[in-house]
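Listed below are the residues making up each chain.
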Amino acid sequence: MNFISTRGSAPAVSLSQAIAAGLAPDGGLYVPQQMPAPRALRAGRSLAATADALLQPFFADDRLEAELPGICSEAFDFPVPLQALATPNDHVLELFHGPTAAFKDFGARFLAASLSRLRAGQARPLTIVVATSGDTGAAVAAAFHNQPNLKVVVLYPDGRVSPRQAHQLGCLGDNIHALRVAGSFDDCQAMAKQALGDVELQAQVPLSSANSISLGRLLPQMSYYAHAALTHQAIHGTALNFVIPTGNLGNAMAAVMARALGVPLGRIVLATNANRVLPDYFAGGQYMPQASVATLANAMDVGAPSNFERLHWLYRGDDVALRAAFVSRPVDDATIRDTIAARFSRFGEVFCPHTATAVQLLEQLRASGEAATGEHWAVVATAHPAKFESVVEPLIGREIPVPPALAALLERPAHADPIEPDYAALRAVLLG
Ligand SMILES: *Cc1c(COP(=O)(O)O)cnc(C)c1O
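Worth saying up front: this structure is predicted, and the values here are computed from it rather than measured.

The rules behind the values
Residues numbered from 1 in each chain as written. Predicted model: local features only at pLDDT ≥ 70, side-chain atom pairs only at ≥ 80, totals over all residues. Heavy atoms only, no water. Phe/Tyr/Trp six-rings, centres within 6.5 Å; stacked < 30°, edge-to-face > 60°. Helix = DSSP H or I, 4+ residues; strand = E, 2+ residues; numbered from the N terminus. Buried < 20%, exposed > 50% of the residue type's maximum accessible area, 1.4 Å probe, protein only. Near = heavy atom within 4 Å. Polar contact = N/O pair within 3.5 Å; in protein donor to acceptor, adjacent residues only side chain to side chain. Areas by Shrake-Rupley, 256 points an atom, 1.4 Å probe, with all protein chains shown as cover. Nonpolar A, V, L, I, M, F, W, Y, C, P; charged D, E, K, R; others polar. Pairing = 2+ DSSP bridges. Axes fitted to C-alpha atoms, helices over the stretch in contact; angles between N-to-C directions.

K.L.:
Tell me about the packing of aromatic side chains, and please be specific about residues and values.
P.N.:
All chains considered together, the criterion is met by 13 aromatic pairs. Where Phe59 meets Phe110, the ring centres are 6.1 Å apart and the plane angle is 85°; that geometry is what we call edge-to-face. Of this pair, Phe59 sits in helix H2 (residues 47-59) while Phe110 sits in helix H4 (residues 104-118), and the two are 51 residues apart along the sequence. You'll find Phe59 and Phe110 in the same group, each marked buried. For the pair Tyr281 and Phe308, a centre-to-centre distance of 5.0 Å together with 80° between the ring planes defines the contact as edge-to-face. Within this pair, whereas Tyr281 is found in helix H12 (residues 277-282), its partner Phe308 is found in helix H13 (residues 308-314), the two being separated by 27 residues in sequence. The class for Tyr281 is buried, based on a relative accessible area of 1%. In this structure an aromatic cluster arises from ring pairing among Phe59, Phe76, Phe78, Phe106, Phe110, Tyr224, Tyr225 and Phe242.

K.L.:
Please give an account of the site of the ligand that cites residues and values.
P.N.:
With respect to spatial proximity, 14 residues lie near the ligand, and among them Lys104, Asp135, Gly247, Asn248 and Thr382 are the closest. Within the backbone of Gly250, a nitrogen or oxygen atom sits 3.0 Å from an oxygen atom of the ligand. At 2.8 Å, a side-chain N or O of Thr382 approaches a nitrogen atom of the ligand. Protein burial of the ligand: of its 390 Å² of free accessible surface, 98% is covered by the chains. Classifying every residue of the shell around the ligand gives five nonpolar, seven polar and two charged.

K.L.:
Describe in detail the sheet that holds strand E4 (residues 82-84), supporting the description with residues and values.
P.N.:
Two orientations exist for strands paired in a sheet by backbone hydrogen bonds: parallel and antiparallel. Pairing is mixed in the open sheet, where six strands are placed in the order E4-E5-E13-E10-E11-E12. A strand with exactly one partner marks an edge of an open sheet, and here the two such strands are E4 and strand E12 (327-330). Averaged over neighbouring strand pairs, the angle between their axes works out to 25° when direction is ignored. The pairing of strand E11 (residues 265-272) with E12 spans four bridges and is parallel. Paired with Thr272 across the bridge in E12 is Pro330.

K.L.:
I'd like a rundown of the pairing of strand E5 (residues 90-94), residues and numbers included.
P.N.:
Counting buried positions over the five residues of E5 gives five, a clear majority of the element. A two-sided burial pattern is seen for E5, the buried positions comprising Asp90, Val92 and Glu94 on one face and His91 and Leu93 on the other. Two successive antiparallel strands, E4 and E5, enclose a turn made up of five residues, where Asn89 displays a positive phi of approximately 65°. As paired elements, E5 and strand E13 (residues 377-381) share five bridges and run parallel to each other. Considered in E13, the bridge of Glu94 is made with Ala381.

Geometry only, nothing functional implied.
See below:
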């Protein structure tokens, strides 16, 4: 299968080329030339086997085609439980059992497994440059750690990520180089962008990115929706509906694509924090990117959701059809806090601030009857609450045990080199 740009003025490329490139040369996002026909999928298989079956048409005729089963079993070696919540017919899909306790582990691990195979036998390593405000960099660093022929340089704003996040970035070492930038996240992103556009530098040091528009992160995220929905249907005989905490729309876009491939997924509802570009659009307004505002669900602090362009493409630019297909509502910080506190005191359930936006929306849909009593719904838990202990612990009045994989990372000593917010400094590091 070939992949084209959402903007339509870049040549069609193979899957491997699209994965290696990240962004298309015309500034668009890579999408399949045509969506594959719905797949006959069956329940009862592992996550890795489900991923393999679902992703085969995208890998057809690519140089990675024969590698797909190996990539899936290497990337997806941790559980994705679908658990019942205390409220009837409500469930939670836990995506936080990977090495850094957030759903970004799925995409980052699949991308690392793919790129390491594409780079095999090359004389020089490929360096992934990532600017991060926390979660993405941690998932990418953990996924690429000790992968042969790959290096990671991760830039984060010094003092502006949580101590636990900074620790996760600096504790790996080996082929992972953490740089703490004396500046903002925007400075980090500008430095990374400049490096990725520096042709002269790349003649000596091959570079790539790993941001949320990468196909190598998007496609594998369909797998957990397929696994959960197929399992659920086999047990209950009904499609599962989802409420998804949404920032750049990468996670939700994967659900939409999985449904288009025949996965028995019902409705898809998008929960945002106070950044309400998507809710305003789905309520009938124009799509208008804005500066992001800081919230408790900080991994969703997005004012220009990058995958919107893909969603718009899938609906052939038909705003009316697109608006009719989704519900999206914002949840403010006070309501996030109330939801976390109330679910704990009523049911003993503990959620991270991102997941709490989805829990809140599901409560609203149940109360209004928009989600009928007999329907089965799942909220998507995008991170373990222990990653956001400074928000969650005061609300529930107790300590949250840290999951073992994350605890192992936190026990390692951490080191990050200081760097000025200046491209020349980064260039020197990359050449060094
Ligand atoms: C990245 C992230 C999100 C948002 O996901 P998108 O794919 O950007 O919509 C939500 N929750 C957590 C914990 C995240 O790390």
